[in-house]
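Results of the structural survey
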Amino acid sequence: MKSFAPKPWVMPQPVLIIGTYNENGVANAMNAAWGGQWDMKEIMISMGKHATTDNLKRNGEFTVAFATRKTMVASDFVGIVSAKNNPDKMEKTGWNIKKATMVDAPVFTDFPMTLECRIKEKYDESDTGYYLVAEIVNILVDEKYLAEDGNPDIEKMELVVFDPVHHGYIQLGHEVGQAFSDGKALK
């Protein structure tokens, strides 16, 4: 086996699109890859210094959408272009925007699933950013992405993940087994 120095290579890394409003009520989005489930109803995200972190200081509410094959180009765009330097950034994405139902933040309806969140705690806050833990207060799913059982169908969503090794996006594939079940074959 080949050895490598420590790198941010935990995989897969979701491509999270964080939605906030600025002080004038204008929607903004940023792309974040370092985040995930923290607890049953909480997520954790590593935040750098961005227009989004400035927006979060004002009200602490935001949305999180998951990038898809269809939204990938614009999702990458909101990760490389800052609203601080490009105030018309959101217009270029072509995304449809509406207000969230439970938090004061935008929902980008081009995404199949969105978490409505409220900051619960911040860790290691400094001039360069912080880690946030947020409560998930609601989950919105476009009905065309529901399975026959009424729950979200991950395969229909065509979610993409970030490849931190080669800096690419990879579309998630197909179900290959059943969790908490297939392993019983080895009992």
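Because the structure is predicted, anything quoted here is derived from the model rather than measured. (Residues numbered from 1 in each chain as written. Predicted model: local features only at pLDDT ≥ 70, side-chain atom pairs only at ≥ 80, totals over all residues. Heavy atoms only, no water.)

Quick word on a nonpolar patch on the surface
Stated formally: Patches in this entry comprise residues that are over 30% relatively accessible and not in a salt bridge; like charges within 9 Å are linked, as are nonpolar side chains (Val, Leu, Ile, Met, Phe, Trp, Tyr) within 5 Å. A 1.4 Å probe and the Shrake-Rupley method give the accessible areas. Residues count as covered only by the protein chains that appear here. Any Lys or Arg side-chain nitrogen located within 4 Å of an Asp or Glu carboxyl oxygen qualifies as a salt bridge. Under the scheme used here, helices are H or I runs from DSSP no shorter than 4 residues and strands are E runs no shorter than 2 residues, and both carry numbers assigned from the N terminus.
A grouping of Trp38, Tyr123 and Tyr131 is seen on the molecular surface, where their side chains present a nonpolar patch of about 320 Å² in accessible area. Assignment of secondary structure puts Trp38 in strand β4 (residues 35-39).

Quick notes on the sheet that holds strand β12 (residues 168-171)
To keep things clear, this is the line we draw: At least two bridges found by DSSP between two strands are what make those strands a pair.
Reading across the sheet, the three strands line up as β1-β11-β12 and stay open at both edges, with antiparallel pairing between neighbours. Strands at the two margins of the open sheet, each flanked by one partner only, are β1 (13-14) and β12. Pairing of β1 with strand β11 (residues 160-163) involves two bridges; the strand directions are antiparallel. Across the sheet, the residue bridging to Gln13 is Phe162, located in β11.

Describing the sheet that holds strand β3 (residues 27-32)
Sheets are built from strands paired through backbone hydrogen bonds, the pairs being either parallel or antiparallel. Heads up, the rule is: Every angle, taken between N-to-C directions, lies between 0 and 180 degrees, and every axis is a line fitted to C-alpha atoms, over only the stretch in contact when it is a helix. We call two residues contacting when some pair of their heavy atoms lies within 4.5 Å.
Spatial strand order, β3-β2-β6-β9-β10-β5-β4: seven strands in an open sheet with antiparallel pairing. Each edge of the open sheet carries a strand with a single partner, namely β3 and β4. For this sheet, the mean inter-axis angle between neighbouring strands, taken without regard to orientation, is 35 degrees. For strand β6 (residues 61-66) and strand β9 (residues 113-126), the ladder comprises five bridges, and the chain directions are antiparallel. Across the sheet, Thr63 pairs through a bridge with Glu116, a residue of β9. Sitting on the sheet, helix α1 (residues 51-59) touches β2 (16-21), β3, β5 (42-48), β6, β9 and β10 (129-141), and the angle it makes with β2 is about 55 degrees. The strands touched by helix α2 (residues 72-80) within the sheet are β2 and β3, with β3 carrying the most contacts at an inclination of about 95 degrees.

As for the layout of surface pockets
The following threshold applies: Grid points spaced at 1 Å and placed over the protein atoms alone form the basis of the search, with a cavity being a set where a 1.4 Å probe fits but cannot get out and a pocket an open set showing protein on both sides within 12 Å along at least five of seven lines. Lining residues have an atom within 4 Å of a point. Grid points are joined across faces, edges and corners, and a volume is the space filled by probe spheres set on the points. Ten residues, namely Ala, Val, Leu, Ile, Met, Phe, Trp, Tyr, Cys and Pro, are considered nonpolar, four, namely Asp, Glu, Lys and Arg, are considered charged, and the remaining ones, Gly among them, are considered polar.
Of the voids in this model, the largest pocket is the one considered here, and its volume is about 470 Å³. Within the residue set of the lining of the largest pocket, elements represented by two or more residues are β3, β5, α1, α2 and β12. It is β3 that provides the largest number of residues to the lining of the largest pocket, a total of five residues. When grouped by side-chain class, the residues that make up the lining of the largest pocket number 14 nonpolar, ten polar and two charged. Each pocket or cavity is described by its volume, and for the second largest pocket that value is around 330 Å³. Along the walls of the second largest pocket sit 15 residues, with Gln37, Ile43, Phe66, Met113 and Leu115 positioned nearest its centre. Taken together, the elements giving at least two residues each to the lining of the second largest pocket come down to β4, β6, β9 and β10. Considering only residue class, the lining of the second largest pocket consists of 13 nonpolar, two polar and no charged.

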